[in-house]
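# Structure at a glance
Chain by chain, the residues:
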Amino acid sequence: MLELRNLTRAYELGGERAGVFGVSLDIPKGCLAVLAGPSGSGKTTLLQLAGLLDTPDEGEVILDGEAVSGLPEKARCDLRLKRLGFVFQAFNLVPVLSALENVMLPLQLQGVTEEDARGRAEAALARVGLADRRHHRPGQLSGGQQQRAAIARALAPDPLLVLADEPTASLDHAHGGPLMDLMAELASERGVTFVVASHDPSVIARAHRVFRLADGRLVPQD
Ligand SMILES: Nc1ncnc2c1ncn2[C@@H]1O[C@H](COP(=O)(O)OP(=O)(O)OP(=O)(O)O)[C@@H](O)[C@H]1O
Ligand SMILES: [Mg+2]
């Protein structure tokens, strides 16, 4: 489903070379994959390449059989909106909008009618257990509830792939585990592929596949 072919993205700063180098990996449909590795190992850099937010110096991102990283920005933007979902560490909901309006937003940006967007957003919020909190604004939700709303927003447009960067980093242990259980269930139930960057052991424990990075390179698996 997601294939990364020999991806390199190098940052040169003060004579030091960092980034990701020659990374190749395959992630099948419906898989919850975790990119693990210490701080600075290249997890976010790789996620941004896979999410078409950045372009590689070398190599190719192949999404559902199509080479997509070399497409013009307009086409990549369209793919991001229609085929990809994003969940970040925190603060990625629009603070002045309710949970429901936040989930409706990407649908409406795609041209879905308000009525349709509302129905789909309500269903997505119900799936993540937030039906009764849908009129709350992010500031009126707990950290775990905000992340569930972010997952609902990522899933409502029916993406192929959801990318999450340290989604549990602002949550305590009691909330991180259940959030990952939810992602694992959604991956199996809907065939959505999740790629999660994290060094949190409770995230790694729930992964279907773990890819470890060190100094921008993939650590061979045993
Ligand atoms: N815009 C940039 N300019 C220069 N160097 C960068 C840039 N972005 C990242 N880097 C460097 O690339 C390397 C990989 O960074 P990256 O953010 O991918 O790490 P990470 O694994 O996500 O770390 P963390 O766990 O701390 O989030 C680091 O050494 C970082 O300093
Ligand atoms: Mg990072």
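Residues numbered from 1 in each chain as written. Chains lettered and ligands numbered in written order. Predicted model: local features only at pLDDT ≥ 70, side-chain atom pairs only at ≥ 80, totals over all residues.

## Examining helix H3 (residues 99-109)
When we look at burial in H3, the residues that qualify are Ala99, Leu100, Asn102, Val103, Met104, Pro106 and Leu107. Packing partners of the buried residues in H3 comprise helix H2 (73-83), helix H4 (114-127) and helix H5 (143-155). Once H3 ends, the next one or two residues include glycine 111, with phi positive near 95°. (Buried ≥ 20, exposed ≤ 12 C-beta atoms within 10 Å, placed from the backbone. Helix = DSSP H or I, 4+ residues; strand = E, 2+ residues; numbered from the N terminus. Contact = placed C-beta atoms within 7 Å.)

## Quick word on the packing of H3 against H5
Direction vectors running N to C along H3 and H5 enclose 30°, while the axes themselves pass 8 Å from each other. Looking at the two axes, H3 sits roughly parallel to H5. Seen along the crossing, H3 lies across H5 with a hand that is right-handed. Here Ala99, Asn102, Val103 and Pro106 of H3 come into contact with H5, specifically with Ala149, Ala152 and Arg153. Taken together, the residues that form the contact of H3 with H5 break down as five nonpolar, one polar and one charged. (Axes fitted to C-alpha atoms, helices over the stretch in contact; angles between N-to-C directions. Parallel < 35°, antiparallel > 145°, perpendicular 65-115°, else oblique. Left-handed = near helix turned anticlockwise from the far one by under 90°. Nonpolar A, V, L, I, M, F, W, Y, C, P; charged D, E, K, R; others polar.)

## Description of the site of ligand 1
Neighbouring ligand 1 are 13 residues, the closest being Tyr11, Ala18, Ser39, Thr44 and Thr45. Going through the elements one at a time, strand S1 (2-13), strand S2 (16-27) and helix H1 (43-50) are the ones with two or more residues in the shell around ligand 1. A class-by-class count of the residues in the shell around ligand 1 yields three nonpolar, nine polar and one charged. (Near = placed C-beta within 6 Å.)

## Considerations on unusual backbone geometry
Positive phi, normally seen in glycine, also occurs at leucine 52, with a value near 60°. If you trace the backbone, leucine 52 turns up in the loop between H1 and strand S4 (58-63). With phi around 60°, aspartate 158 is a residue other than glycine that occupies positive phi space. Structurally, aspartate 158 can be placed in the loop between H5 and strand S7 (161-165).

## Re the sheet that holds strand S9 (residues 209-214)
What links the strands of a sheet is backbone hydrogen bonding, and the strands pair in either a parallel or an antiparallel sense. The strand order S6-S7-S8-S3-S9-S10 describes an open sheet built from six strands, whose pairing is mixed. Strand pairing shows two members of the sheet lacking a second neighbour, strand S6 (84-87) and strand S10 (217-218), which therefore form its edges. In this structure, S9 lies alongside S10, joined through two bridges in antiparallel fashion. Each bridged residue has a counterpart across the sheet, and for leucine 213 the counterpart in S10 is leucine 218. (Pairing = 2+ DSSP bridges.)

## Digging into the pairing of S2
Where S1 lies against S2, nine bridges are found, and the strand directions are antiparallel. Its bridge partner lying in S2, leucine 13 is registered against glutamate 16. Here S1 folds back onto S2, and the loop between the two strands holds two residues, one of which, glycine 14, carries a positive phi near 55°.

## Remarks on the sheet that holds S1
Strand order in the open sheet formed by four strands is S2-S1-S4-S5, and the pairing between neighbours is antiparallel. Only two strands of the sheet have a single partner each, and these edge strands are S2 and strand S5 (66-67). Here S4 pairs with S5 via two bridges, running antiparallel. Its bridge partner lying in S5, isoleucine 62 is registered against alanine 67. Running at roughly 125° to S1, H1 makes contact with S1, S2 and S4 of the sheet.

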